[in-house]
Amino acid sequence: MTQLTITPGELSFEDMLAALKGPLAITFPEEALKSVDASAAVIAKIIASGETVYGVNTGFGLLASQKISTKDLAKLQRNLVLSHAAGTGEPLDAPTVRLILLLKAASLARGYSGVRREVIALLTAMLERGIVPNIPVQGSVGASGDLAPLAHMSAAMIGVGTVFLDGEEIPATDALAAKDLEPIILGPKEGLALLNGTQVSTAIAIRNLFRLRRLFRAAVLTGALSTDAVKGSDTPFDPRIHEIRGQQGQIAIAKLFRTIHQGSEIRLSHIDCDRVQDPYSIRCQPQVMGAALDAAKDAARHLRTEANAVSDNPLVFAGPNGMGGEVLSGGNFHAEPVAIAADLLAIAASEVGALAERRIALLIDGHLSNLPPFLVKDGGINSGFMIAQVTAAALASENKTFAHPASVDSLPTSANQEDHVSMATFAARKLTPVLDNVEGILAIEYLAAAAGIDFLRPLKSSDTLENFINALRENVPPYTEDRFFAPDIKAAREILRSDIIDDIIGVATTDWEAL
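Residues numbered from 1 in each chain as written. Predicted model: local features only at pLDDT ≥ 70, side-chain atom pairs only at ≥ 80, totals over all residues. Heavy atoms only, no water.

### Details of the overall build of the protein
Thought 1: Along the protein, the regular secondary structure elements total 21 helices and nine strands.
Thought 2: A principal-axis box enclosing the C-alpha atoms of the protein has dimensions of 85 × 50 × 45 Å.
Thought 3: Counting all 515 residues of the protein, 55% fall into the buried class.
Thought 4: Considering only residue pairs separated by 6 or more positions, the protein has 78% of its internal contacts joining residues 24 or more positions apart.
Thought 5: As presented, the protein carries roughly 21500 Å² of accessible surface, and 54% of it is formed by carbon and sulfur atoms.
Thought 6: Taking the average place of the 44 positive charges on the side chains of the protein and the average place of its 59 negative ones, the gap between the two points comes to 1 Å. (Helix = DSSP H or I, 4+ residues; strand = E, 2+ residues; numbered from the N terminus. Buried < 20%, exposed > 50% of the residue type's maximum accessible area, 1.4 Å probe, protein only. Contact = heavy atoms within 4.5 Å. Areas by Shrake-Rupley, 256 points an atom, 1.4 Å probe, with all protein chains shown as cover. Lys, Arg positive; Asp, Glu negative; His and termini not counted. Charge placed at Lys NZ, Arg CZ, Asp CG, Glu CD.)

### As for the pairing of strand S6 (residues 162–165)
Thought 1: Across three bridges, strand S4 (residues 131–133) lies against S6 in antiparallel orientation. If you follow valine 132 over to S6, its bridge partner there is phenylalanine 164.
Thought 2: The pairing of S6 with strand S7 (residues 168–171) spans four bridges and is classified as antiparallel. Of the residues in S7, the one forming a bridge with phenylalanine 164 is glutamate 169. (Pairing = 2+ DSSP bridges.)

### Notes on the side chain of threonine 58
Thought 1: Mapping threonine 58 onto the fold places it in the loop between helix H2 (30–49) and helix H3 (73–84).
Thought 2: With residues up to four places along the chain from it excluded, the contact list for threonine 58 reads Thr52, Val53, Ala64, Gln66, Lys67, Ile68 and Leu76.

### A closer look at empty space enclosed by the protein
Thought 1: One pass over the full model with this rule turns up one cavity of 30 Å³ or more.
Thought 2: In this structure, the largest cavity is lined by Phe385, Leu447, Arg473, Val476, Pro477, Pro478, Tyr479, Arg483, Phe485 and Asp488.
Thought 3: Of the residues in the lining of the largest cavity, the class split is seven nonpolar, no polar and three charged. (1 Å grid on protein atoms, 1.4 Å probe; cavity = no way out; pocket = protein on both sides within 12 Å on 5 of 7 lines; lining within 4 Å. Points joined across faces, edges and corners; volume = space filled by probe spheres on them. Nonpolar A, V, L, I, M, F, W, Y, C, P; charged D, E, K, R; others polar.)

### As for the packing of aromatic side chains
Thought 1: Summed over the entire model, instances satisfying the criterion amount to seven aromatic pairs.
Thought 2: Ring centres of phenylalanine 13 and phenylalanine 210 lie 5.8 Å apart, and the angle between their planes is 80°; this geometry places the pair in the edge-to-face category. Of this pair, phenylalanine 13 sits in helix H1 (residues 13–21) while phenylalanine 210 sits in helix H9 (residues 199–229), placing them 197 residues apart in sequence.
Thought 3: Here phenylalanine 13 falls in the buried class, since its relative accessible area comes to 12%.
Thought 4: Three or more aromatic residues link up through ring pairs in this structure, and these residues are Phe385, Tyr479 and Phe485. (Phe/Tyr/Trp six-rings, centres within 6.5 Å; stacked < 30°, edge-to-face > 60°.)

### Topic: the sheet that holds S7
Thought 1: If you trace the three strands from one edge of the open sheet to the other, you get S4-S6-S7, paired in antiparallel fashion. Of all the strands in the sheet, the pair left with one neighbour each is S4 and S7. Between one strand axis and the next, the sheet turns through 40° on average, direction left out of account. (Axes fitted to C-alpha atoms, helices over the stretch in contact; angles between N-to-C directions.)

### Section: the pattern of salt bridges
Thought 1: For the structure shown, the criterion picks out 24 salt bridges.
Thought 2: As a salt-bridge pair, lysine 430 and aspartate 343 come within 3.6 Å of each other at their nearest N and O atoms. Remark: aspartate 343 occurs in helix H15 (residues 336–364) and lysine 430 occurs in helix H18 (residues 424–454); sequence separation between them is 87 residues. Accessibility classification places lysine 430 together with aspartate 343 in one group, the buried group.
Thought 3: Shared partners join several salt bridges into a network, and the residues in it are Arg211, Asp436, Glu439, Arg493 and Arg497. (Salt bridge = Lys/Arg side-chain N within 4 Å of Asp/Glu carboxyl O.)

### Quick look at a nonpolar patch on the surface
Thought 1: Together, Tyr112, Phe317 and Leu328 make up an exposed nonpolar region whose accessible area comes to about 250 Å².
Thought 2: Summarising the element assignment, phenylalanine 317 is placed in strand S8 (residues 315–317).
Thought 3: The exposure class assigned to phenylalanine 317 is partly exposed, which follows from its relative accessible area of 35%. (Patch = residues over 30% accessible without salt bridge, like charges linked within 9 Å, V, L, I, M, F, W, Y side chains within 5 Å.)

Right under this line is the structure:
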């Protein structure tokens, strides 16, 4: 099991990836936990003084004017969790839930939420011992935090609802007992601190960010393979073209294409051809893919910031040496940064897929590609890639709808107290079908481009692209006549989502700066 010591506020993408991969043992420095103690002490002093403070001894939302007696504070927090656990739909997947647990624990450990160490300890124990709360995917508008899904997480902590343990859904109380843990009795503000926050939308978006990273690399490889298959020109990748525009993503992608194509016999075979220009889907890959890369890097920066953020409410600012302290009510729970970042990723991914679909259309068009129509011998009796391209077009068209920004929508909630919402959780969730569709498009391009190269034999492509073709041919034979096509697409998809892509492109890193 991976063990990490995490300084609150300094979570890296590597730390988050570790949580996605499996149970994780994490600890926080003692100095950080002293800040947690100081914050909790401020809440204890408020209760002792009888002062009325929102979120500590009042109702919530539109009921904030209702003061709650000290004897009912534990019930208040429990009721908050139970009433807000109103989600619906299928359970979130285990890797995402583990990341949610990590993000919530790290946020609380920054010491601005007024919770006791015990709350954080239970979150980290659940993460370490494989207890995965059953969190329905639907029910958050990303306004006052991801209230419903985080309530389901919190319900498991108090022994209510179900969790998954070793893949089996069982009562939360049974799972806690099986792992030598006890349900927690929430103190003042602790339920609210757990429910408020953007950790669910952020975790979903980050998981999809990692997936997009690999698909982006795959798109560079399939695009480069298609370029060789249609004997595309080297000129559009000349560094001078990109340097005078100055767009960093474009410069990086052009350089990557030059590197990938280096040593290709196919490139050398047509170096003096009379073709003037290639279609945009070939010629403008650095411009389109570079813009998508820059957008993804920008979204990644915002998501990493949010992963380290304190996003509950109200916030507790302890005074120096435990003296004084203030509780401030703001709006850090509003997930607009996550919503816009997720929408940006969906747009970028959709464009990657749209460009790839156009390359498939080019490959099967014998008038433009100079390859056999539909990439098959004996056209007529064989239809080749005719309907595979239709499938790619259908997926690209679906993405036009899925890529519509969720963040431009808002529907007031909580009797108009929450009169503008972010829809961040849906923005993050709908990124998943966008990526599913992009993966399908790239799989078809992978098959089509490899088929195109087969028609250029005995000429070889570059070492990188030949390795890419060989990975396919270990699972999918050359397309010489019509056969049941769907298994080929499935096999290609499995390759594109595997570590093979990182190995072939030679950039096994979570750093967007290095692709």
